[in-house]
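# Architecture and fold: a report
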Amino acid sequence: MERRGFLKSAASTAAALVFGRHGALAQQASSHIEILVDEPIATIAPEIYGHFTEHLGSVIYDGIYVGEDSKIPNQQGLRSALIDKMRIIKAPVVRWPGGCFADSYDWRDGIGPKDKRPRHTNFWVDDFKPEQKKQNIPQIYDPNSFGTDDFVRFCKLSGAEPYIAANVRSLPALEFDHWVEYCNSPRGTTTLAETRAAAGSPDPYNVRYWGVGNESWGCGGNFDPEDYAVEFKRYTTWVPSYGVGLRFIASGPNSDEQFWTRRFFEKLYRGQPGNDGRGVWGLSIHHYDMNVTRNKSSDWQGKGEALSFDLTEWYESVKESDRMEGIILEHWNALGEWDVTHKIKLVVDEYGPWYLKGTEYAPEELYSQAITMRDALVTGLTLDTFNRQAEKVGMAACAQLINCLNALFMSHEDKFTATPVFNVFELYAAHQGATALRTEFSAPEIHYDRDGKPATVWGLKGSASLKAKTLTLTAVNPDTSQPREAEIVLRGASAVSSKAFVVAESDIHAHNILGQPEQVKTRAAEVAVRPGSLSFTFPPASVVKIEALLS
Ligand code: AHR
């Protein structure tokens, strides 16, 4: 039997006996991981670890922007505590201003003296209750005090690159040219460069990443893929590059809707497959994990509760998030029918769980939801998926950074805390720019009850990468009661030392609460080092990073 076939078949055996480094039977660990150090996949683009910020609820106002006159520690109005944390996770890229908001946003409203900027109704106004709409608050009536300059400043202070999503639904293509000109035209060359200089930046921002609309199949214009292809060409053809090397991201499919990818590219390529990318650097994909209640909820597609979930919903969340790998592969194949040399990358610029309302800290924090250990786990497995598909995924953005769906942070006025999703991004930062390695997992499957019927889910999965002599393995054990004792074979290498970092709590509902000490912590743990292998026990319901220094 072939080595991989052997490993795969071992997965179905509760306690498999597997070979050690030299073919000898190893300890009878229940689980086995084999890292094929000499089988690189591709470099993991640091941008896979990106973030998303939209003028939605309290993401911008209160979350990122507290105002220049605020008593909350800030740098030119930007929340200092958030900036400090962004540096810890090495945030590579931040997407803004939406989301659906992007296709209703006029970038000119957000430049120039702040006291002269217009106030406009936010795209999300009708998601607020009628009595809330009477309040003149920035979450509903946007004062535009946070605009392009503030966003780019936030990115620079955070160490990230800006990724701007342009308005295709309600602004003309020329306005897109002018936004690029505002950001990128050299100092002193254009009226817009002078306006930028007056805002404190004579030098260009050199914004490379530009989204051409957002969800153009829905809130971004309800286009058909062919119609959007026409718009894409109009918006992107001959936009001055200012020597920056613009990277256009086309609005892509919703989740697994392959028809969008196929028909968009068929139109763009005029029915003739080719290898020149046709002006597309990346194809955006959005996938939210929603249907965890097996359609029992009457809300949009069967969303579940953020905090009060049972074991079945825990495992269903794992499966929902795990759909990401299939979605990536399907769209990659559909894309390859037209982009025959795979020049274009996939950009998963919105992902994460989306639950029912009810756990937001304050009413204006639209779509803010409690973030528990479950969210840490599914974020870990999604990031592992991106690592495993490193040659296909060029960028990703977790939706959204603060006070929102799968937020890394929560804030309310002077209170601020990281969530368990932050702990995961902190662990996984080590993968950025490393070489993804082919890695095989075999572990006992988990059995659970799905509305009276038996169901299963895999027992251990992850990804590995190598940067110089540092090997990083990350993995999640979704089993809520059983640890996974694993032998980790380093095929083609040996470690001189190793350590582990674990995000796990005995309560799977554990979450951090504003103003209280953090409940979810990252803890260091010992790893046993043997010639050619490591041994570690992955605790129940855990996200783990193992670092090993190779000889
Ligand atoms: O992240 C919230 C919303 O979800 C975004 O605005 C939109 O693009 C998606 O539907």
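The following refers to the structure shown. (Residues numbered from 1 in each chain as written. Predicted model: local features only at pLDDT ≥ 70, side-chain atom pairs only at ≥ 80, totals over all residues. Heavy atoms only, no water.)

### Regarding the packing of helix H2 (residues 80-88) against helix H3 (residues 148-158)
One way to put it is that H2 packs onto H3 with a least axis distance of 8 Å and a crossing angle of 50°. Considered as vectors, H2 and H3 are oriented oblique to each other. Contacts between H2 and H3 involve Leu82, Ile83, Met86 and Arg87 from the first element and Phe154, Lys156, Leu157 and Ser158 from the second. Broken down by class, the residue content of the contact of H2 with H3 amounts to five nonpolar, one polar and two charged. (Axes fitted to C-alpha atoms, helices over the stretch in contact; angles between N-to-C directions. Helix = DSSP H or I, 4+ residues; strand = E, 2+ residues; numbered from the N terminus. Parallel < 35°, antiparallel > 145°, perpendicular 65-115°, else oblique. Contact = heavy atoms within 4.5 Å. Nonpolar A, V, L, I, M, F, W, Y, C, P; charged D, E, K, R; others polar.)

### Some details on the layout of surface pockets
Taken as a whole, the largest pocket spans an internal volume of roughly 520 Å³. In this structure, the largest pocket is lined by 30 residues; those nearest its centre are Trp217, Asn254, Tyr288, Met290 and Trp300. Listing elements by their share of the lining of the largest pocket, those giving two or more residues are strand S11 (282-289) and helix H8 (311-336). The greatest single-element share of the lining of the largest pocket, amounting to three residues, is contributed by S11. Its residues assigned to classes, the lining of the largest pocket comprises 13 nonpolar, ten polar and seven charged. (1 Å grid on protein atoms, 1.4 Å probe; cavity = no way out; pocket = protein on both sides within 12 Å on 5 of 7 lines; lining within 4 Å. Points joined across faces, edges and corners; volume = space filled by probe spheres on them.)

### Topic: the site of the ligand
The environment of the ligand is formed by 13 residues, the closest being Glu54, Cys100, Glu215, Tyr288 and Glu350. Here an oxygen atom of the ligand and a side-chain polar atom of glutamate 54 are 2.7 Å apart. Within the contact set of the ligand, an oxygen atom lies 3.0 Å away from a side-chain nitrogen or oxygen of glutamine 400. If the ligand stood free it would expose 280 Å²; the protein chains cover 95% of that surface. Judged by the fraction of its atoms near the pocket grid, the ligand is located in the largest pocket. The class makeup of the residues in the shell around the ligand is seven nonpolar, three polar and three charged. (Near = heavy atom within 4 Å. Polar contact = N/O pair within 3.5 Å; in protein donor to acceptor, adjacent residues only side chain to side chain. Areas by Shrake-Rupley, 256 points an atom, 1.4 Å probe, with all protein chains shown as cover. Sits in = over half its atoms within 2 Å of the grid points.)

### Brief notes about the packing of aromatic side chains
In this description, a pair of aromatic rings is defined by centroid distance and the angle of the planes. One pass over the structure, following the stated rule, counts 34 aromatic pairs. Look at tryptophan 179 and tryptophan 210: their rings are 5.9 Å apart centre to centre, the planes differ by 70°, and that puts the pair in the edge-to-face class. Here tryptophan 179 is found in helix H4 (residues 173-184), whereas its partner tryptophan 210 is found in strand S9 (residues 209-212), with 31 residues between them in sequence. As far as burial versus exposure is concerned, tryptophan 179 and tryptophan 210 are alike and both buried. Between the aromatic rings of phenylalanine 265 and tyrosine 269, the centroid separation amounts to 6.3 Å while the plane-to-plane angle is 45°, which identifies the pairing as tilted. You can call phenylalanine 265 buried: its relative accessible area is 0%. Residue tyrosine 269 is classed as buried on the basis of its relative accessible area of 0%. Between the NZ or CZ atom of arginine 374 and the centre of the ring of phenylalanine 309, over which it lies, the distance is 3.9 Å. (Phe/Tyr/Trp six-rings, centres within 6.5 Å; stacked < 30°, edge-to-face > 60°. Buried < 20%, exposed > 50% of the residue type's maximum accessible area, 1.4 Å probe, protein only. Lys NZ or Arg CZ within 6 Å of the ring centre and 35° of its normal.)

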